[in-house]
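The primary structure of each chain is shown beneath.
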Amino acid sequence: MLRLEGLSASYRGLKALQGIDVAVGHGEIVAVVGANGAGKSTLLKAIAGQVATEGSIRFEDTDLKRLPSHQIARLGVNLVPEGRRLFPRLSVEDNLRLGAYAKRGTADRFKPLELVFELFPRLKERLPQQAGTLSGGEQQMLAIGRALMTQPRLLMLDEPSQGIMPKLVDDILAAVTRIRDLGVTVLLVEQRLVEALAIADRAYVLQTGRIVMSGPAAEIAGHADVRRAYLGI
Ligand code: ATP
């Protein structure tokens, strides 16, 4: 579905990504794990068309590098960014409805609301509440819900567990699995290695801008180097 080849990116001469090869198949959850500053967010932004790159990014038959970010989103490639970027003064309901903005004019544009409420019943209870007053976990649910309103085919999540209490992290990752089961392919960036690898099919380990390891998630989780470097085992 998605193939990155020889992808590099730099910020004012400083390399953030170097020669990245990543493939994501239909219906997979693929995790990208690595320490702070490894380049995980840059990788997702590159795919979303928000960062200039060298190398190739193909989504099915389309060369994403030729497209501006709004057209990439229109193909069904959607990024839930780090920090969520909600409209804090708008209600939960309005944030969700704005997610469907690109689908305006289509009869079924609010249809994904049912799915969002099923995945995150807390959001349904809080429809009139200002998004900025939600807890961190609820805001993450809303950010994912808003992304689902765009009816994505590839959903990219940048550290959904950030700043969230452990109980809600489990709920959110369970929802991610369910989203995949409903047919949405997921590219998940996480610092929480154990949790991410538990739900992923395959994984890539990113270290200072390079892929240093890749394979089935269970294999990566059991790899001695990974355990030593990231889990202190
Ligand atoms: P984190 O988990 O801390 O977000 P990350 O793995 O997502 O880390 P990136 O945010 O992709 O890493 O950053 C990769 C490198 O690029 C870092 O050295 C970072 O300082 C640098 N970088 C990221 N964004 C910019 C920017 N807008 N301008 C300059 N340098 C940047």
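Here we summarise the structure given alongside this text. Predicted model only: the values in this text are computed from it and were never measured. Throughout, a residue's number is its position along its own chain's written sequence, starting from 1. Only residues with pLDDT of at least 70 get local features here, since the model is predicted, and only at 80 or more are side-chain atom pairs given and counted; chain-wide, interface and lining totals rely on the full set of residues. Side-chain numbers come from the whole structure's heavy atoms, not from hydrogens or water.

## Considering the environment of T177
Strands are runs of DSSP state E lasting at least 2 residues, helices are runs of H or I lasting at least 4, and numbering of each runs from the N terminus. Following the sequence through the fold, T177 ends up in helix α7 (residues 166-181). Setting aside anything within four residues of it in sequence, one finds T177 in contact with I29 and I199. Every residue pair with non-hydrogen atoms within 4.5 Å of one another is taken to be in contact.

## Observations concerning the packing of helix α3 (residues 92-99) against helix α6 (residues 136-149)
Between N-to-C directions, angles cover 0 to 180 degrees, with each direction set by a line fitted to C-alpha atoms, over the stretch in contact for helices. Interaxial distance between α3 and α6 falls to 7 Å at its minimum, and their mutual angle equals 35°. When α3 is examined against α6, the residues V92, N95, L96 and G99 are found in contact with a partner set consisting of L142, G145, R146 and M149. The classification used treats Ala, Val, Leu, Ile, Met, Phe, Trp, Tyr, Cys and Pro as nonpolar, Asp, Glu, Lys and Arg as charged, and all other residues, Gly among them, as polar. Residues belonging to the contact of α3 with α6 are distributed by class as follows: four nonpolar, three polar and one charged.

## Re the sheet that holds strand β1 (residues 2-11)
The pairing of strands in a sheet happens through backbone hydrogen bonds and is either parallel or antiparallel. Two strands are counted as paired when DSSP detects at least two bridges linking them. Taken in spatial order, the four strands make up an open sheet running β2-β1-β4-β5, and their pairing is antiparallel. Taken across any chain shown, the strands that pair with only one partner, and hence form the sheet edges, are β2 (14-24) and β5 (62-63). With two bridges joining them, strand β4 (residues 54-59) and β5 adopt antiparallel strand pairing. If you follow R58 over to β5, its bridge partner there is D63. Its contacts with the sheet place helix α1 (residues 40-47) against β1, β2 and β4, and it is angled at close to 115° to β1.

## Some remarks on a nonpolar patch on the surface
A contiguous nonpolar patch, built from F87, L90, L98 and Y101 and spanning about 370 Å² of accessible area, is present on the exposed surface. Mapped onto the elements of the fold, L90 is located in the loop between β6 (77-80) and α3. Burial here depends on accessible area, computed with a 1.4 Å probe over protein chains only, as a share of the maximum for the residue type. Under 20% is buried, over 50% is exposed, and the range in between is partly exposed. Among the residues examined, L90 registers a relative accessible area of 33% and is labelled partly exposed. Patch membership requires more than 30% relative accessible area and the absence of a salt bridge. Residues of like charge join within 9 Å; the nonpolar side chains Val, Leu, Ile, Met, Phe, Trp and Tyr join within 5 Å. A 1.4 Å probe and the Shrake-Rupley method give the accessible areas. Residues count as covered only by the protein chains that appear here. Salt bridges are defined by distance alone: a side-chain nitrogen of Lys or Arg within 4 Å of a carboxyl oxygen of Asp or Glu.

## Examining the packing of α6 against α7
Look at α6 against α7: their axes get within 10 Å of each other, and the N-to-C directions meet at 15°. Between α6 and α7, the angle falls in the class roughly parallel. Helix-helix and strand crossings are classified by hand; for α6 and α7 the assignment is right-handed. Of the residues in α7, those touching α6 at G137, E138, Q140, M141, I144 and L148 are L168, I172 and I179. A per-class count over the contact of α6 with α7 returns six nonpolar, two polar and one charged. Throughout this description, any angle smaller than 35 degrees is read as roughly parallel, any larger than 145 degrees as roughly antiparallel, any in the 65 to 115 degree range as roughly perpendicular, and the remainder as oblique. Here is the rule for handedness: rotate from the far helix to the near one, and if that takes an anticlockwise turn smaller than a right angle the crossing is left-handed, while a clockwise turn gives right-handed.

## A short note on the site of the ligand
Neighbouring residues of the ligand: 13 residues in total, closest N36, G37, K40, S41 and T42. Two N or O atoms form a polar contact when they lie within 3.5 Å of each other; inside protein one atom must be a possible hydrogen donor and the other a possible acceptor, and for residues adjacent in sequence the pair counts only when both atoms belong to side chains. Within the backbone of A38, one N or O atom sits 3.0 Å away from an oxygen atom of the ligand. A distance of 2.7 Å separates an oxygen atom of the ligand from a polar side-chain atom of S41. Computed on the free molecule, the ligand has an accessible area of 630 Å², of which 61% lies beneath the protein chains in the complex. Taken together, the residues of the shell around the ligand break down into four nonpolar, six polar and three charged. A single heavy atom is enough: if one lies within 4 Å of a molecule or strand, its residue is considered near that molecule or strand.

## What about the nonpolar core?
If you look at the biggest cluster of nonpolar residues, it comprises 48 residues, and the most contacted ones within it are L96, L142, L155 and L157. We call a set of buried Ala, Val, Leu, Ile, Met, Phe, Trp, Tyr and Cys residues a nonpolar core when their side-chain atoms join them within 4.5 Å. Among the nonpolar cores identified, the runner-up in size contains 30 residues, and V22, L44, L64 and L206 belong to it.

None of the figures reported here should be taken as evidence of function without further support.
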